[in-house]
Structure formats: structure tokens, C-alpha cells
Amino acid sequence: MHITALAGGVGGARFLRGLRRHLDQRDDGPHELTIVGNTGDDISLFGLRVCPDLDTLLYTLGGGVHEGQGWGRADESFAVQDELQAYGATPQWFRLGDRDFGTHVARSQWLAQGQTLSQVTARLAARWGLPDQGVRLLPMTDVPVETHVVIERDGQEQAIHFQEWWVRHQAAIPARRFVVAGLDRAAAAPGVLDALRSADVVLLPPSNPVVSIGVILGVPGVRDALRGTTAPVVGVSPIIGGAPVRGHADACLAVLDLEPSAAAVAGLYADFLDGWLVDDADADDPLPRGSRATSAHMPILMRDIDHAAKIAGGALDLALGLA
Ligand code: GDP
Ligand code: FO1
Ligand code: CA
């Protein structure tokens, strides 16, 4: 079976690590998993290209992630960042660890040599053993894109990088809108559209519907490929009982004038969604009015890898029942 998934960072990575475990447990493989990762969070810092969501996927699936945080490396130290701070180099509100720096240096070197982000990501993924797991990690596009947040400052509109809004300001500054710089000119990376069209199942993990999945859906051709694919498209709600489990997805939905609810998120996917897995807490109101999707419910809080595997199995069973 060939499964294609769109993914942001922590929510996507934890779900897909669970899916990998579930596929091993099914024992009817081999199965192929193609992950299309969000690159809207990407930022250039200290002359290096940093791709937080791709790195979270690499580290989580590769067994090197800081489990408590959900992003960054386990056993991390911050000697380089501390040296930069001593020099007065900025920003300091975004702190890169020493091990993590290695990823950014390698990526930036290979990009500077003329390799595409797809090629670079494949090289990084090889080190983390993803191909051996039957996992292919694709950036959504090879064109540099960056999500910016338009805020109001001193009566004027101003755009700041998504990371500055999310990390430095904890999404607490009211945002007027998101602008993904470069997205309209971006082409889907090689293999992305084909992976959506030729998949047996397409899964949307419980990733941020606005700044993770929403950004990937904005890559020209992606939304059409999802509408047109013969594969069932099944999503898992990132909202449980009216609240995001972690992070500030509620602040992102508010920018679109949406309440944080499982049904509101399903509404963002209405034109292509076939199945929607929500928490038991949302069983009474899983879908917006008029939705043609089929819903199911179970506890969808990813407490640990085993439970993430159960949730992934639930999403896959829902999809296979619709195929
Ligand atoms: P990010 O890029 O690191 O913000 O990660 P994603 O975009 O992949 O996922 C973030 C979203 O995952 C958050 O908005 C949460 O709502 C959702 N999320 C995190 N943990 C869980 C969980 O255990 N269960 C569910 N259903 N959603 C979760
Ligand atoms: N999140 C923080 O809250 N503070 C940080 O200093 C920080 C550093 C960082 C470094 C590398 C990386 O891959 C991720 C990092 N994150 C940090 C998390 C991350 O930027 C955001 O949570 C996501 O981009 C939002 O999806
Ligand atoms: Ca992200």
C-alpha cells in the first residue's frame, strides 16, 4: 500500500511515527509512506537555512527528537548559540542547539552548492534511516517560501516572520492575516503531485490546519490533486473539545474568523475530505453542516507512541472502509 501524508511539525511527526509503528504491526507490508512536509516555517538565521517542520519529521521518525519538547534534538547543548549571544549576534529569541546546528550547516552547504531542497532533504533523511523504513520525505516545494504574519504596530500594518510571531510573541499579538511569501510562484517539489494522485490512501495528520496543512494546500496544484485523487482522503482533528492540544492553533483559526472546533477544521478541507477522525469529546459535532465526509471518533490524544499507532490505525481503517 502507498500512503501519502501532508505534515507540519510536532503533531504531524508524532502521528506519522505512530503510523509507521502501526504499519509494522499489521504485518501485511511492505508499505510505502510519502510525507509532504511544510516549508512555510523555514527561516534563515546566522546565514543558515533552518527548516523546523522538516527537521521535526526527520528527528522524530529517526529517533533523535527531544521527546518532551517534540522538536529539536535529544541530549542537546547550546555552546554555539551562547557564543553568538556573547558577540551580540541576533536573534536570540530563537535558540538553535549544537547538534541541530549540524543539520543547518550541512543543509546550507549543499543548497549553496546548487542542490535542491528535495535533494538536500533526501540526504538528511538517509542519515536518519527513513528510506530503510519505507519513508520518503519531500518538501512541499523547492522554492524558498516563508509564512509572514501581518500585525498592526503604531497604527500601521507590518509583516513579521511567522517564527517571530509564534516563538517570540507566543502568537499573542493579534494577527490580521497570514501571507506566505513566494507561495504563488512556487511549484510543487518533484514527486509531490504524483504521490497524491497515485496514493492508495491520503492522510492528513493532526497538524495545524492554517500554518502547516493550510500552507501546503496553497502550493499550486496540491489542492487540485487532492480533489482529483481516487484515493480516500482522511484527516485527524488537531482540535479536541474546542482547544488545540498544544501550540496556538486557536490563534491561527481566529485569524480566519473560525472558532477552534473539529468541525471548523473539517470545513477548511471540505472540497476534498472523505473521512474525518475526531475525539470522543467531539463525537456529537464532528463536521460542518453539508459535509459529505464520513466521521468516526476515538480518543485522539497522542499520549505515547503506542497510542499514536492506534490513532493512525483508526484513521487508516476509516480510509480503507471508504476505498
Ligand atoms: P507544529 O508544526 O510543530 O506546530 O506541528 P503540526 O502543525 O504538525 O501540529 C500542530 C497541531 O497538532 C497543534 O495545533 C495541535 O492542535 C495538534 N496536536 C498536537 N498534539 C496532538 C495530539 O496528541 N492529538 C491531536 N489530535 N492533535 C494534536
Ligand atoms: N520553538 C521555540 O519556542 N523556541 C525556540 O527557540 C525554538 C527553536 C527551534 C529550533 C529549531 C527547530 O527546528 C525548531 C525550533 N522551535 C523553537 C520550534 C518551532 O520553530 C516551532 O514550534 C514551529 O516552527 C511551529 O511549528
Ligand atoms: Ca510548523
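Described in the following lines is the structure provided in the data block. Per chain, the residues get numbers from 1 upward, laid out in the order the sequence is written. Both sets of labels track the order of writing: A upward for chains, 1 upward for ligands. The predicted origin of the model limits local features to residues at a pLDDT of at least 70 and limits the giving and counting of side-chain atom pairs to 80 or more, whereas totals for whole chains, interfaces and linings rest on all residues. Side-chain calculation: all heavy atoms of the structure are included, whereas hydrogens and water are not.

**Thoughts on the coordination of the calcium ion (ligand 3)**
- Only Asp-41 (OD), Asp-53 (OD) and Asp-53 (OD) from the protein coordinate the calcium ion (ligand 3), and they sit 2.2 to 2.5 Å from it. Taken together, the positions of Asp-41 in the loop between strand 2 (32-37) and strand 3 (43-45) and Asp-53 in helix 2 (residues 52-62) put the pair twelve residues apart, joining distant regions of the chain. The two residues Asp-41 and Asp-53 agree in class, both being buried. Any nitrogen, oxygen or sulfur atom within 2.8 Å of a metal ion counts as a donor, with the limit raised to 3.2 Å for Na, K and Ca, and since water is left out, coordination shells can look unfinished. Secondary structure elements are defined from DSSP: runs of H or I of at least 4 residues count as helices, runs of E of at least 2 residues count as strands, and each element is numbered from the N terminus. In this scheme, a residue with accessible area under 20% of its type's maximum is buried, one over 50% is exposed, and one in between is partly exposed, where area comes from a 1.4 Å probe on protein chains only.

**Details of the site of ligand 2**
- Any residue with a non-hydrogen atom lying within 4 Å of a molecule or strand is treated as near it. Around ligand 2, the structure places 13 residues, and the nearest of them are Asp-41, Trp-71, Arg-95, Asp-100 and Gln-163.
- With respect to ligand 2, the side chain of Asp-41 contributes an N or O atom lying 2.8 Å from an oxygen atom.
- With respect to ligand 2, the side chain of Trp-166 contributes an N or O atom lying 3.4 Å from an oxygen atom.
- All accessibility values rest on the Shrake-Rupley procedure with a 1.4 Å probe; residue burial counts only the protein chains present in the view. About the coverage of ligand 2: the protein hides 83% of its 520 Å² of free accessible area.
- Put simply, ligand 2 lies in the largest pocket.
- Looking at the shell around ligand 2 element by element, the count peaks at four residues for helix 6 (residues 162-168). Definition of a polar contact: a pair of N or O atoms within 3.5 Å, with one able to donate and the other able to accept a hydrogen when the atoms are protein atoms, and with sequence-neighbouring residues admitted only if both atoms are side-chain atoms. Detection works on a 1 Å grid of protein atoms alone, calling trapped sets that fit a 1.4 Å probe cavities and calling open sets with protein on both sides within 12 Å along at least five of seven lines pockets, with lining residues defined by an atom within 4 Å of a point. Put plainly, a molecule is in a cavity or pocket when over half of its atoms are within 2 Å of the grid points there.

**A few points about the sheet that holds strand 7 (residues 156-161)**
- Pairing in this open sheet of three strands is antiparallel, and the strands run 7-6-8 from one edge to the other. Each of the sheet's edge strands pairs with one partner strand only, and the pair in question is strand 7 and strand 8 (175-181). Within the sheet, the average angular offset between the axes of one strand and its neighbour, ignoring direction, is 30°.
- Here, a strand pair is defined by DSSP locating no fewer than two bridges between the strands. Sheet analysis places strand 6 (residues 146-153) next to strand 7, joined by six bridges and oriented antiparallel. Paired with Val-150 across the bridge in strand 7 is Ala-159. Throughout, an axis means a line fitted to C-alpha atoms (over the contacting stretch in the case of helices), and angles, computed between N-to-C directions, take values from 0 to 180 degrees.

**Some words on the layout of surface pockets**
- Grid points are joined across faces, edges and corners, and a volume is the space filled by probe spheres set on the points. Of the pockets and cavities examined, the largest pocket occupies roughly 1,100 Å³.
- Lining the largest pocket are 50 residues, with Gly-9, Val-10, Trp-71, Trp-166 and Arg-246 positioned closest to its centre.
- Breaking the lining of the largest pocket down by element, the ones donating at least two residues are helix 1 (10-26), helix 2, helix 4 (98-112) and helix 6.
- Counting residues per element, the lining of the largest pocket draws most heavily on helix 2, which supplies five residues.
- When residues are sorted by character, Ala, Val, Leu, Ile, Met, Phe, Trp, Tyr, Cys and Pro go into the nonpolar class, Asp, Glu, Lys and Arg into the charged class, and all the rest, Gly among them, into the polar class. Within the lining of the largest pocket, the residues separate by chemical class into 23 nonpolar, 18 polar and nine charged.
- By volume, the second largest pocket is sized at about 160 Å³.
- Taken together, 13 residues form the lining of the second largest pocket, with Pro-209, Val-210, Gly-214, Val-215 and Leu-256 sitting closest to its centre.
- Taken together, the elements giving at least two residues each to the lining of the second largest pocket come down to strand 8 and helix 8 (213-217).
- The element that contributes the greatest number of residues to the lining of the second largest pocket is helix 8, accounting for three residues.
- When its residues are assigned to classes, the lining of the second largest pocket shows ten nonpolar, two polar and one charged.

**Quick notes on the site of ligand 1**
- Around ligand 1, a shell composed of 20 residues is seen, among which Pro-206, Ser-207, Ser-212, Pro-238 and Met-302 lie nearest.
- With respect to ligand 1, the backbone of Val-10 contributes an N or O atom lying 2.8 Å from an oxygen atom.
- Within the backbone of Pro-206, one N or O atom sits 2.7 Å away from an oxygen atom of ligand 1.
- Looking at the shell around ligand 1 element by element, the count peaks at three residues for helix 1.

**Structural notes on the sheet that holds strand 2**
- With parallel pairing, seven strands are arranged side by side in an open sheet as 5-2-1-9-10-13-14. The open sheet has two edge strands with one neighbour each: strand 5 (135-139) and strand 14 (294-297). If you compare each strand with its neighbour and ignore which way they point, the axes differ by 20° on average.

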